[in-house]
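Observations on chain architecture
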Amino acid sequence: MPIERPQPPQPSIDVLQAMLPALMGSAGIRHSAPKFAASLVNSPRSLSSPGLSYPVYTLGLDSVAAGARLSKAKLAAWRHEFSSGEEVVAAEVSAGRQPRFNGINVHSRFRSVSEELRSAAETSKGLADQSYQPRLLQISALGVRALWLKSQPPSRADVVIPLAPTPPGLTANRHYSPAEFIEALRPAAEALLRTDAPGKGA
Amino acid sequence: MGLWYQNSYTDPVYVAILWFDSGCSGQPWRKSGWYQVAPGSSVEIVGASLKTIPDSNFAWFAQADWADGPCWSGDPAHNWYAIPHNAAFSQCYSDNSGCNAAYPFNAATLARSSVDATVVLLQPGVAGRGFQGCSYVMAGQPTAHLLNFTVPSQLESLWCWAAVATGVAHYYNTASTVTQCQVVNNQLGRTDCCRNPGSSNCNVTGFVDKALTFVGHLKSEQSSAATYSAISEAVIAGTPPCIRIGWSGGGGHFIGFFGIEPTNLVWVTDPIYGQSLVSTATLTGGTYQGNGTWTNTYFTQ
């Protein structure tokens, strides 16, 4: 299954590079991600060359409960991943006309998206003839993350692969069609909306 | 206000200083230590306005790890090494009782333009090679402060509120044995959520203010975001605040703050997404984890 490497927009990279002084001076990054911190000092331009960049799309709980199509998902950000051995850092820049630095994750509890894509490519023999562009789909209200493999050309079917950990109703690493994926999450979204209240969380 | 040390090195650091004391006969200097500074943290060593102190000269010694670790002089000839690092001391310079003979290394003079100054410790020197180590003094209070506070992964898909309350309880009392399912049992008035955590009766949404009250650490709350300075104040005081994120389209989530950095950057600990450095504009502007907005603030004690 050929997976195309997404090309991040240059303004997103520029915003990231502009954060170099703050990231180099960050005591927390030196502490939590020492290899990444050292790479910034030794090679300041490395911030402009992430190992992988990918777009992050989001879908609200109301859309899932309404059975919306994935085309309703919004491009929220571009995430730029830097890996050095076990250490994975993901910097996020908001999408849109005026991108801004959202944050940088230094201690994820998940496997890197690069690893997930490698794993998906190795285990997706049935999709060998098809080319895809990867996106990360987040339904944050349900704590759901999934690889959204956008078919290239777009006329073919997309594939959605939920990433572990998954909530009840979804199976990690299984291949879903977009409609199956939304349908699998719909009961959980409906239940959560029924009990939603100001000051409550999950 | 006063003199701070900020540890921007990767290991714990121990600091000792020589500070003016007119009450010390002979040489008017007092030596004191050891001030332990965790990685990413800061410690206020002298609590006084630096504009009005009687003598702006002082000297200091800092060493990573224990007595065999690298130091900010690089030179083992300086006998601060001989002073046990696990014992506090405060005595006049010429008093060497308790084996506390000191020969300070780093002499410095404070500018009197600011009530606060911070010595930022970067890379220590190479052991055995003198006049080494990288540090600088800046006016003002520390620019970064990290607490040893972590919200654990939530054990069920809807238990962020229990995870945050448990993390807070363990932060304030490392001997605490409270667990997420115990918090859930208490809040739901049940007894079966440790045996059947994933059941539809137990894996439910909740209120972190009530959970924090149960573990005894809610100080105050507000139904809005707080300012960066309010969060900084709480973090520097060692009292990590927690917040609620409201998702666009419905639903909410709880996370905690464990650190601050300059220019409106804060460290968050999230029971789903782990540790991130985020700008406060991300939290208030609706783009945390794509579509989350800071809606409530919970100060702890």
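An account of the accompanying structure is given in this report. What you are looking at is a predicted structure, and each value in this text was computed from that prediction instead of being measured.

1. Focus: the interface of chain A and chain B
At the interface, 42 residues of chain A touch 47 residues of chain B. Elements with a contribution of two residues or more to the side of chain A that touches chain B: helix H3 (27–32), strand S1 (52–58), helix H5 (61–65), strand S2 (74–84), strand S4 (101–107), helix H7 (178–195) and strand S8 (200–201) of chain A. It is S4 of chain A that contributes the most residues to the side of chain A that touches chain B, seven residues altogether. Examined bridge by bridge, S4 of chain A and strand S16 (residues 274–279) of chain B share four bridges and lie antiparallel to one another.

2. Focus on helix H4 (residues 228–236) of chain B
At 3.6 residues per turn, the α-helix brings residues three or four places apart onto the same side. Residue and element names in this part refer to chain B. Turning to H4, its buried residues number three or more, namely Ile231, Ser232, Ala234 and Val235. Take H4 and look down its axis: the buried residues cluster within an arc of 165°, on one side only. Where H4 is buried, its residues meet strand S10 (145–146), strand S14 (252–261), strand S15 (265–270) and strand S17 (292–300). At the exit of H4 stands Gly238, carrying a positive phi of roughly 80°.

3. Topic: the environment of Ile161 of chain A
Residues and elements named next belong to chain A. Tracing the sequence through the fold places Ile161 in strand S7 (residues 159–162). Distance from Ile161 to Ser177, taken between C-alpha atoms, is 8.8 Å for residues 16 residues apart in sequence. Excluding its chain neighbours within four sequence positions, the residues that come into contact with Ile161 are Ala120, Ala146, Leu147, Asn173 and His175.

4. With respect to the sheet that holds strand S7 (residues 106–109) of chain B
Residues and elements named next belong to chain B. An order of S6-S3-S2-S5-S7 is seen for the five strands of this open sheet, with the pairing classed as antiparallel. The open sheet terminates on both sides in strands that have one partner only, identified here as strand S6 (89–92) and S7. For this sheet the average axis-to-axis angle between neighbouring strands, irrespective of direction, equals 25°. When strand S5 (residues 57–64) meets S7, the two strands line up antiparallel, connected through four bridges. Its bridge partner lying in S7, Ala59 is registered against Ala107.

Calculation criteria
Residues numbered from 1 in each chain as written. Chains lettered and ligands numbered in written order. Predicted model: local features only at pLDDT ≥ 70, side-chain atom pairs only at ≥ 80, totals over all residues. Contact = placed C-beta atoms within 7 Å. Helix = DSSP H or I, 4+ residues; strand = E, 2+ residues; numbered from the N terminus. Pairing = 2+ DSSP bridges. Buried ≥ 20, exposed ≤ 12 C-beta atoms within 10 Å, placed from the backbone. Arc of directions from axis to C-beta. Axes fitted to C-alpha atoms, helices over the stretch in contact; angles between N-to-C directions.

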